[in-house]
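# Descriptive analysis of the structure
Residues per chain are reported as follows:
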Amino acid sequence: MADPMSPDEEAEDPAGQMFPVDEDPDVIDTPDGGAMVRVDDSPSLGDSDFYANLAESMPEYELATIGSELSDLVEKDKESRKKRDEQYEEGIRRTGLGDDAPGGANFVGASKVVHPMLTEACVDFSSRVIKEIFPPGGPAKEKVIGKMTRQKYDKAQRLTKFMNWQMTKQMPDFRAELEQMATQMPLGGVQYLKVTWDAKRKRPNPTFVSVDDVYLPYAATNFYTAERKTHVQYITKLEYQRRVKSGMYRDVDLMPADIVPDQSKSERANDKIEGRDGGSYNPDGLRTVFEVACFYEIEDEVAPYIITIDKSSKQVLAIYRNWEEEDDQQEEMIWMVEFPFLPWRGAYPIGLTHMIGGLSAAATGALRALLDAGHINNFPGLLKLKGGAGGQTDRIDPTEVHEIEASFGQDDIRKVMMPMPFNPPSQVLFTLLGFLVDSAKGVVRTTFEDLADTNQNVPVGTTLARMEQGMVVFSSIHARVHSAMARLLEVLYRINRMYMDEQDIIDETGELLAYRKDFEGPLDVIPISDPNIYSETQRFAQVQAVMQRSDTHPQLYDLRKVEELFLKQLKIPDGDSLLLPHPEVHEMNAINENLAATMARPVAAFPDQDHLAHLQAHLDFIQSPVLGHSRVAAPTAMPILLDHIREHMILWYVSHTVSVASEAAGVDVSGLFKDLSKDERKDYDKMLAAASQSVVKEANEVMKSIPPILEECIQYLQSIQPPQQDPANEAAAAETQRRAAADQQKMQLEAQKMQADQAENAQNIQAKIQELQVRLQEAKMREDREDQRTQMEVAARMKMNTDDNDTAKRLAALEIASGNKVAVSTGTGINPNP
C-alpha cells in the first residue's frame, strides 16, 4: 500500500527492494519509449604521458647508477631469505611427490615411502578455498557503498556482471592461476597473484607469482609497507623483444642469454615433481629481469616507482611512476596481492612446512621403519659357522634356490646357520605413527570428521558451535584469503578504470556490459565468499537454523523467502519455479475485490480510490445471507474483507486529513514534511492535528453505521469457526513441552556421556591388556631365543666331545697299530691279530 503522505520517489528492483529513483544523465529517453545511452569515447587514463617510460629520456650515467645500486640491494634481499628458500625446498621434498624425500635407511630394498600428510593438507585446503572464493558463476557480488539508490544499484549490478564475465570468460587463465596459488600457499606460507594490463590483447593479465620470485628487504615487516618489492621474472628472448617493440622496455644492447638462469632450491625441487630438466642449454633465450617496486629519488623527489633491471648487465630497462596522476599524496599503486597463510613477525608469513614439517618428517620416518621392519622380518639375514673346506657365502634373493658346500662331516644345514633375531614391526611404533598423524591434524583442522558421529537430534546451534570450534584455525585463514580477494578486485577495478575502453566492455553476445563511468568512485563489488562461512556444511546448518526459527515464530518471517533460501542452498536449478506463483496485488473495482476475497486472493486499498463507494459495496456483500454472510463464503471471504474495509476507512481518513490541511494552507502539504526544519515540523503537526479533528467528526457521521455491521460480522465469524485456545494456556503448554524436551535432551546427553566414559574405560582396559599381551609375547620370544641358544650351545659341546672322542679313538688305534708293527720286527712273537 503506497503512502499518500510522500511522493512516488521509489522504484522496486526484481528482488523486491525499494530504492529512491534518481536520474541518469547518460541515459536519454526517446519519444517512442526507448532510450539512448551516451558512450564515453575519450582516451583512457592509462594512455597519459604521465605513465610513460622515464628511462627513455634519462641520461645513461644516471641509469647506470640506478641499475647498479638497485641490483646490489636486490642481491642482498635474496641473500637475507636464503634460509627460507631452504625451508620451502624441504617442504616440497617432504611431500614425496618428487621421490627424493630426505631420511630413511640406506640398505638395499629400504622403503622410500612418504607419509602424505603435507600433500593431503595442501589438496584439502586448496579445494575448500577455491570452492568458496571462485564458484562457477564468478568470484564477485554487488555491495552498494553509501545510500542505496536505483542508479547505484544498477551500477553495482553492471560492475558485478562485467567483472564476473571478465574473470571467467575474458581471462580464462584467471582461475588456473588462482588454483596454482592456492595449492602452493600452505607449503610456502605465502604466495602472490599479480594483475597487469595486456595492451596487445586489451585485457588484464593475471599471473601467479611464487614466493621464490619475490624478494623483500630484511627490515620489512609487512608486504604492503615494504620500501622495496622485487619480482624476479624469467622471460624468453621472444617475450623480451615483444616488450621492447611495444615500448614497455627501452631498446638496449644486451648480451645473449646462453646459460639457463639460476634456479632457487625450491624451484629445482618442484622440477623433480613435474619431471622437468632444462639441461645446460638455453634454447629459448631465458633471461632474468628484476622488476622492483620501490620508493626512489627521481625527479628530485622520493616517490614510488617501478624500475626494471636486467640481472646480467644491470642495465635499466624501464622506469614508471607508480601512483595515479591525480593523486597528490602519491600513494603507491598495488599490482601484486599477497595471499598469506599464517602471518608471523616478519614480512614473510609461515605455512605448513614451518608448522608441521617436523611432524611430517617423524611420521614418514615411523612409516618407513615399520615397512623396513616388515621387509627384514620376511627376509632375514643369517649367521654361519666359520670352518670347513668348502665354506662359501651367497646372497639368496626371494624365490631362488642355491646349493652350498657343506663343511667336513656336516649333513644338516641347520647345524651351521642361524637366522638373525630381527624383531617384527613394533606395535608401539605403529601407535606412535597414529599419534603423530593426529597431532598434525590438530594443528590445522580442514575436515569435518568429528561431525560424522554427531547425533542427528542435536540442535543446529550445537552443531554450528562444534563446527566453529573444530575449524577455528581454518576460518581465520579463510578470512585472510577473503581479504586478499577483496584487494585483488580493487586492483582489477583500477586497471579497468585506467585502460578499459567501452568498445572493449562487450561480451561474446555483443552486449555492452558496463560503462567506463561505472569504474569511477568507490568499488561496489566485493568477493562472493563470506569470511564467516567457509563450508557448505556450515552454510546449510545456518539455513536449517533459520527454518527452525521461522517454524517457531512464523509471524516474524517471510516463509516464501525462507523456502527460496533453502532451495538456493540445495543448488536446485531454477528452484523458484517449483514454488507457487507469488500472489500480486493489483488495483481492482469493488466487485472484483469481493470476488477475489471469496476466492481467497489478496486485495488491497489504494489512495486514489473512492473509499466510501468501495465500503458500501463490501458492506452490502458481507451482509447478504446468500453471498458474503453465508456459511459457504463467510469463512473465506469475511476475514479478508474485514481487513480490506479497515484499509479503506484508514485511507479515507488520511486522504481527507491531507485535503483539509492543504485547503487551509493553500498548498499541497503531502510532500512538505521532509523539507521542513525542526521548528516548522512542529507547526506542521499542529496543522494536521487541527485538520484531523474536523475529519474525525465527519467520519463519525459518515461511517456511524459501519461499526455495528462489523461487530455483527465478527460475532458471526466466531460462531462458525472452531474455538481457539487461550494464548496463555498455549504458552504454558508450549513452555511445558519445551522443558520436557530440554530434560529429555539433558538425559540423552548424560546417557551419551556415560556411554562414552564406559567406552573410554573399556578402551583403556583393552589397551592395557594388549600392552600386557605384547610384553608377555616379547618375554616368551626372548625365553625361546635363550632356550634355542642354550640348546645350540649344548649340541655344539656334545658334538665337540663326540669329535674329540672319535679323534682319541683313532689316535689310540694308530698307536696300537704302530706298536704291533714294532713287535713283529723284533720277533717278540706277539700276534698282531689276536
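## Thoughts on the overall build of the chain
If you tally the helices and strands in the chain, you get 19 helices and 16 strands. Burial analysis of the chain (834 residues in total) assigns 37% to the buried set. By sequence separation, contacts in the chain at least 24 residues apart represent 70% of the contacts at least 6 residues apart. In the form shown here, the chain has an accessible surface area of approximately 50200 Å², with 55% of it arising from carbon and sulfur atoms.

## Regarding the sheet that holds strand β13 (residues 336-340)
Across a sheet, paired strands are connected by hydrogen bonds in the backbone, their directions being either parallel or antiparallel. Read from one edge of the open sheet, 3 strands run β7-β6-β13, paired in antiparallel fashion. This sheet does not close on itself; its edge strands, each paired only once, are β7 (203-209) and β13. Taken over all neighbouring pairs, the strand axes of this sheet differ in orientation by 20° on average, direction set aside. Looking at chain direction, strand β6 (residues 190-198) and β7 are connected through 7 bridges and run antiparallel. Across the sheet, the residue bridging to L193 is F208, located in β7.

## Side note on the packing of helix α3 (residues 117-133) against helix α8 (residues 352-378)
The relative placement of two packed helices comes down to the angle between their axes together with the axis-to-axis distance. Two elements in contact, α3 and α8, have axes whose closest approach is 9 Å; the angle formed by their N-to-C orientations is 140°. The orientation of α3 with respect to α8, classified from their angle, is oblique. Together, M117, L118, A121 and C122 of α3 and L352, I356, L359, S360 and A363 of α8 make up the contact between the two elements. Within the contact of α3 with α8, the residues separate by chemical class into 8 nonpolar, 1 polar and no charged.

## Things to note about the nonpolar core
Counting 102 residues, the largest nonpolar core has L178, Y192, I307, I319 and F339 as the members making the most contacts within it. Residues A597, A637, M638 and W652 belong to the second largest nonpolar core, which totals 22 residues.

## With respect to the pairing of strand β11 (residues 301-310)
Most of β11 sits out of view: 8 of its 10 residues are buried. The sheet contact formed by strand β10 (residues 287-298) and β11 spans 10 bridges and is antiparallel. Bridge pairing links E291 to T308 in β11. If you look at the hairpin formed by β10 and β11, you'll find 2 residues sitting between the two strands, and E299 has a positive phi there, around 60°.

## Points about α8
Owing to its 3.6 residues per turn, the α-helix aligns residues three or four sequence positions apart on the same side. Compared with the 39 Å implied by 1.5 Å per residue over 27 residues, the 36 Å span of α8 between its first and last C-alpha is a close match. The largest bend along α8 reaches roughly 35° and is located at G358.

## Re the pairing of β6
Burial within β6 is extensive, with 8 of its 9 residues counted as buried. Bridge count between β6 and β13: 5 bridges; the pairing is antiparallel. Its bridge partner being in β13, L193 is matched across the sheet by V337. Following β6, the chain reverses through 4 residues before pairing antiparallel with β7; K202 in that reversal takes a positive phi of roughly 55°.

## Considerations on helix α9 (residues 427-443)
Across its 17 residues, α9 extends 25 Å between first and last C-alpha, which sits within 8% of the 24 Å expected from 1.5 Å per residue. The complete set of buried residues in α9 reads L433, L436, V437 and A440. Down the axis of α9, the sector holding all buried residues measures 95°, keeping them to one side. Turned more than 90 degrees from where α9 packs its buried face, V428, F435 and D438 sit exposed. Turning to α9, the residues buried within the fold contact α3 and α8. In this structure S426 caps α9, since a side-chain oxygen of it lies 3.2 Å from the backbone nitrogen of V428.

## Some details on the pattern of salt bridges
Close approach of charged atoms allows side chains of opposite charge to pair. Taken as a whole and judged by the stated rule, the model has 24 salt bridges. Between R201 and D198 there is a salt bridge, with the nearest N and O atoms lying 2.8 Å from each other. Among the residues examined, R201 registers a relative accessible area of 46% and is labelled partly exposed. Take D198: its relative accessible area is 11%, and that puts it in the buried class. A network of salt bridges, in which partner residues are shared, links K83, E86 and K265.

## Some details on the packing of aromatic side chains
For the coordinates displayed, the defined rule picks out 12 aromatic pairs. Seen from their ring centres, F125 and F341 are 5.3 Å apart, and the 65° between their planes marks the pair as edge-to-face. Here F341 lies in the loop between β13 and α8 and F125 lies in helix α3, a separation of 216 residues in the sequence. A relative accessible area of 2% places F125 in the buried class. Three or more aromatic residues joined by ring pairs form one cluster here, namely F50, Y51, Y305 and W323. K229 extends its terminal NZ or CZ atom over the ring of F223, reaching a point 5.7 Å from the ring centre.

## Overview of the confidence of the model for the chain
Interpretation of the predicted coordinates at a detailed level should be avoided for regions scoring low in pLDDT. This prediction gives the chain a mean pLDDT of 80; 81% of its residues lie at or above 70. Per-residue pLDDT, averaged within each element of the chain, yields its smallest value for strand β1 (residues 10-12) (47) and its largest for β13 (96). Every residue in residues 446-454 is under pLDDT 50, and counting partners more than four places away or in other chains gives 18 contacts. Segment residues 820-834: pLDDT under 50, and 4 contacts once partners within four positions in sequence are set aside and those in other chains are kept.

Criteria and thresholds
Residues numbered from 1 in each chain as written. Predicted model: local features only at pLDDT ≥ 70, side-chain atom pairs only at ≥ 80, totals over all residues. Heavy atoms only, no water. Helix = DSSP H or I, 4+ residues; strand = E, 2+ residues; numbered from the N terminus. Buried < 20%, exposed > 50% of the residue type's maximum accessible area, 1.4 Å probe, protein only. Contact = heavy atoms within 4.5 Å. Areas by Shrake-Rupley, 256 points an atom, 1.4 Å probe, with all protein chains shown as cover. Pairing = 2+ DSSP bridges. Axes fitted to C-alpha atoms, helices over the stretch in contact; angles between N-to-C directions. Parallel < 35°, antiparallel > 145°, perpendicular 65-115°, else oblique. Nonpolar A, V, L, I, M, F, W, Y, C, P; charged D, E, K, R; others polar. Core = buried A, V, L, I, M, F, W, Y, C linked by side-chain atoms within 4.5 Å. Expected span 1.5 Å × (residues − 1). Bend = angle between axes of the 7 residues up to and from the residue. Arc of directions from axis to C-beta. Polar contact = N/O pair within 3.5 Å; in protein donor to acceptor, adjacent residues only side chain to side chain. Salt bridge = Lys/Arg side-chain N within 4 Å of Asp/Glu carboxyl O. Phe/Tyr/Trp six-rings, centres within 6.5 Å; stacked < 30°, edge-to-face > 60°. Lys NZ or Arg CZ within 6 Å of the ring centre and 35° of its normal. pLDDT = per-residue confidence, 0-100.

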